[in-house]
Amino acid sequence: MAIKLFDTMSRSTRELRQRAPEIPFGMYCCGPTVYGPAHIGNFRTFLLQDVLRRALETDGINVRHVRNITDVDDKTIRRSQEEGKSLAEFTAVWTQKFHDDCDALNMLAPHFEPSAVAHIPLQIAMIESLVKRGHAYVAPDGSVYFRVASDPDYGKLARLDLGELRTQATNSNGDVNAADEYARDNVADFALWKARKPEDGPNFWQSPWGEGRPGWHIECSAMSTYYLGETFDLHGGGVDLCFPHHENEIAQATCACGHSESFAQHWFHSAHLMVDGAKMSKSLGNLYTLADLEAKGFSPMALRYVLISGHYRSQLNFTLKSLDDANSALEKIEKGASRLLAKAGITPEEFSQEISVNETTTAWGAFEPAWNALCDDLNTAGTLGKIFSALAELGKSELTKSEAAASVCGLAKILHALGLKIFIKKKSDAAGDNVPATVAKIAEDRWAAKAAKNWAEADRLRAELAKLGWKSLDRKDGYTLTKI
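Residues numbered from 1 in each chain as written. Predicted model: local features only at pLDDT ≥ 70, side-chain atom pairs only at ≥ 80, totals over all residues. Heavy atoms only, no water.

**Structural notes on the overall build of the chain**
Cut-off, in case you're wondering: Strands are runs of DSSP state E lasting at least two residues, helices are runs of H or I lasting at least four, and both sets are numbered from the N terminus onward. Under the scheme applied here, a residue whose accessible area is under 20% of the maximum for its type counts as buried, over 50% as exposed, and between as partly exposed, the area being computed with a 1.4 Å probe on protein chains only. Here, residues are in contact when the closest pair of their heavy atoms is within 4.5 Å. To measure how exposed things are, a 1.4 Å probe is used in the Shrake-Rupley method; for residues, cover is taken only from the protein chains shown.
Helix and strand content of the chain: 14 helices and 15 strands. Residues classed as buried in the chain amount to 52% of the 484 residues present. Intrachain contacts of the chain at a sequence separation of at least 6 include 76% that bridge at least 24 residues. Of the roughly 20800 Å² that the chain leaves accessible, carbon and sulfur atoms contribute 51%.

**Re the confidence of the model for the chain**
Defined as follows: Every residue carries a pLDDT, the predictor's confidence in it, which falls somewhere between 0 and 100.
Residues at a pLDDT of 70 or more form 90% of the chain, whose mean pLDDT is 89. Here residues 427-433 is modelled with pLDDT under 50, and outside its nearest four sequence neighbours on either side it reaches twelve contacts, counting other chains as well.

**Brief notes about helix α11 (residues 380-396)**
What counts, and what does not: One fewer than the residue count of a helix, multiplied by 1.5 Å, yields its expected span.
Given a rise of 1.5 Å per residue, 17 residues ought to cover 24 Å, and the 25 Å separating the end C-alpha atoms of α11 matches this to within 8%. Taken together, the buried residues of α11 touch α1 (40-58), α8 (300-308), α9 (320-344), α10 (368-375) and α12 (401-418).

**Considering the pattern of salt bridges**
How we decide: By salt bridge we mean one thing: a side-chain nitrogen of Lys or Arg within 4 Å of a carboxyl oxygen of Asp or Glu.
On inspection of all chains with the given rule, the structure shows 22 salt bridges. Across the pair Glu83 and Lys85 runs a salt bridge, and its minimum N-O distance is 3.5 Å. Put simply, Lys396 and Glu393 hold a salt bridge, and the shortest N to O gap is 4.0 Å. Separated by three residues within a single helix, Lys396 and Glu393 lie in helix α11, roughly one turn from each other. Salt bridges sharing common partners tie together Asp74, Lys194, Asp200 and Arg213.

**Some thoughts on the nonpolar core**
Selection criterion: Residues grouped as a nonpolar core are buried Ala, Val, Leu, Ile, Met, Phe, Trp, Tyr and Cys residues, joined through side-chain atoms within 4.5 Å.
Ranked by internal contacts, the top residues of the largest apolar core, which has 78 residues, are Ile40, Phe43, Phe318 and Ile414. Residue contacts for Phe318: discarding those within four places in its chain leaves Ile40, Leu273, Met274, Val275, Asp276, Tyr288, Leu293, Leu303, Val306 and Leu323. Ranked by size, the runner-up nonpolar core spans 21 residues in total, among them Ile120, Ile127, Ala251 and Cys255.

**Structural notes on the sheet that holds strand β11 (residues 273-275)**
Put simply, the test is: Strand pairing is defined by DSSP finding a minimum of two bridges between the two strands.
Taken in spatial order, the three strands of this open sheet run β12-β11-β13, and their pairing is mixed. This sheet does not close on itself; its edge strands, each paired only once, are β12 (278-279) and β13 (316-318).

**Structural notes on the environment of Leu293**
Mapped onto the elements, Leu293 comes out in helix α7 (residues 290-295). In the structure, Leu293 is positioned ten residues away from Leu303 in sequence and 8.4 Å away in space, judged by C-alpha atoms. Excluding residues within four positions of it along the chain, Leu293 makes contact with Ile40, Tyr288, Phe298, Leu303, Phe318, Leu320 and Leu323.

**Some thoughts on the environment of Pro114**
With respect to the helices and strands, Pro114 occurs in the loop between α3 (87-104) and α4 (120-132). Using a relative accessible area of 3% as the deciding quantity, one classes Pro114 as buried. Along the backbone, Pro114 and Ser224 are 110 residues apart, and their C-alpha atoms lie at a distance of 9.3 Å. Other than its neighbours up to four places away in sequence, Pro114 contacts Val66, Arg67, Asn68, Ile69, His119, Met223 and Tyr227.

**Some thoughts on the side chain of Glu247**
The line we're drawing: Only four residue types enter the tally: Lys and Arg on the positive side, Asp and Glu on the negative side, with His and both chain ends excluded. As used in this structure description, the phrase polar contact means that two N or O atoms lie within 3.5 Å; if the pair is within protein, one of them must be able to donate a hydrogen and the other to accept it, and residues adjacent in sequence are counted only when both atoms belong to side chains.
Along the chain, Glu247 falls in helix α6 (residues 242-257). For the buried residue Glu247, which engages in no salt bridge, the nearest side chain bearing the opposite charge is Lys156, 7.3 Å off. Of the polar contacts made by the side chain of Glu247, one reaches the backbone nitrogen of Leu157; its length is 3.3 Å. Discounting chain neighbours no more than four positions away, the residues touching Glu247 are Asp153, Tyr154, Gly155, Lys156, Leu157, Ala158, Leu160 and Cys242.

**Some thoughts on the packing of aromatic side chains**
As a reminder of what qualifies: Classification of ring pairs uses Phe, Tyr and Trp, with its six-membered ring standing for Trp, and accepts pairs whose centres are within 6.5 Å; under 30 degrees between planes counts as stacked, over 60 as edge-to-face, and the remaining range as tilted.
According to the stated counting rule, one finds 15 aromatic pairs in the structure shown. Relative to Phe46, the ring of Phe43 lies with its centre 5.9 Å away and its plane at 80°, an arrangement referred to as edge-to-face. Of this pair, Phe43 and Phe46 both sit in helix α1, separated by three residues, roughly a single helical turn. When the centroid spacing of 4.9 Å and the interplanar angle of 85° are considered together, the rings of Tyr226 and Tyr227 count as edge-to-face.

**Quick word on the pairing of strand β10 (residues 264-270)**
In terms of burial, β10 is largely enclosed, as six of its seven residues are buried. Of the strand pairs in this sheet, strand β9 (residues 232-238) and β10 are connected by six bridges, and their pairing is parallel. Across the sheet, residue Gly238 finds its bridge partner in β10, namely Ser270.

**Let's talk about unusual backbone geometry**
Cis geometry is found at the peptide bond from Phe243 to Pro244, where omega equals 5°. Mapped onto the elements of the fold, Pro244 is located in helix α6.

**Structural notes on helix α14 (residues 455-467)**
Working note: α-helix, 3.6 residues per turn, so residues spaced by three or four point in the same direction. Heads up, the condition is: Directions drawn from the helix axis to the C-beta atoms are what define this arc.
Taking 1.5 Å of rise per residue, 13 residues should cover 18 Å, and α14 covers 18 Å from first to last C-alpha, within 8% of that figure. Buried within α14 are the following residues: Ala458, Leu461 and Leu465. Angularly, the buried residues of α14 cover 65° about the axis, an arc narrow enough to put them on a single face. Residues of α14 that are exposed and point more than 90 degrees away from the buried face comprise Ala456 and Lys467. Positive backbone phi, approximately 90°, marks Gly469, located one or two places after α14.

**Considering the state of the cysteines**
Spelled out, the test is: Sulfur atoms of two cysteines make up a disulfide when they are within 2.5 Å.
One pass over the full model with this rule turns up zero disulfides. Between Cys30, a cysteine without a disulfide, and Cys220, which holds the nearest cysteine sulfur, the sulfur-to-sulfur distance is 4.0 Å. By relative accessible area, which is 6% here, Cys30 ends up buried.

Right, dumping it as structure tokens:
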């Protein structure tokens, strides 16, 4: 069954295919702006993109995955100067943190991860082409702006009425577009190059228009076409990027290249994450990072399960309880898998979820419905449901060893496609019986507070444990105390 996915541009569900065996499926995904830790809303988008890539590769499609790093914009410059660090030193810390979180969440590394700073000459060349073709103009201060009126196709992705477009201050999610804080003067045109300002400090580069730095949008147009070609297969990002970022990318790329051929053949947008029924914000205290949730005793695999558990085009409401439910679900999968493995004569240690790219087998066994659900517009919720149904049915069936082995293969492939790991060894209590009575009592009180869903008290007691040099690793059935 071929993988089908909804395309934002055509507003239809279309089949994804490799154009030719020698041409990799080009997949560009907008990456993080590295001025702080990525939050779980960011990771919902990145994880769904990871699942899509895994599904394509499981289907035997050769993928070339590119994800950029935005390491120069208003926020990175401002924060680096506040901390008294060079831009490179500051962004390197948060880039590494992002990579660490990706590894913890079992995300595949992109084949190319270009940074904006490292590709400024490419961006300047694209801006020069836009100026030469009459699609951009130089302002008196040396800034360069894209002339939206010069592109008759502008607005087709987000279905914009250009007669009503007066500003790019609000994105397609209805939020203030603060990703690049240049003055818009209430006009539709957007910055390609920003003239140097005193507050930029030492963060500027030479250009034909004077000292300055790129606007936010141009980096993705320049780097995607460089690594994937003037037209490629799929572009992904959160729904908030549909306008203005992706709309501007299309305009920049097609106008600079001088043709009307599609920039990306398919547009993949995921809906944003809600937390406790509200949008994430620092003021509400519901903007979680992976580190925040690990500090509460939750595992990265439980977070991965939650963030991929809802359909990508529907808002997902995240709660701390959903992480407990995810732990229960993963344990249920482990128990069902253990029964199946026993019938196949395979030990959990021998069970491997990893499959070689482009080395597929037709063996899905009872998990073919789960794979079909994933192929149907990346229906991760339906896929998880089919996994549980298959495990339950297999648990009641009298299987031959070969029949069980076929289903083990199917289970391995579908878990690989979802990026879910089971039979992960749990950390043991490194301190043995040498847990001080005071520490043990605080841990017991914290567990009771968590069971009562008194999160504030549980957090307070967790902090008390940390002060004493201990942390609690929670499971569904209890916890393990380890020294920090």
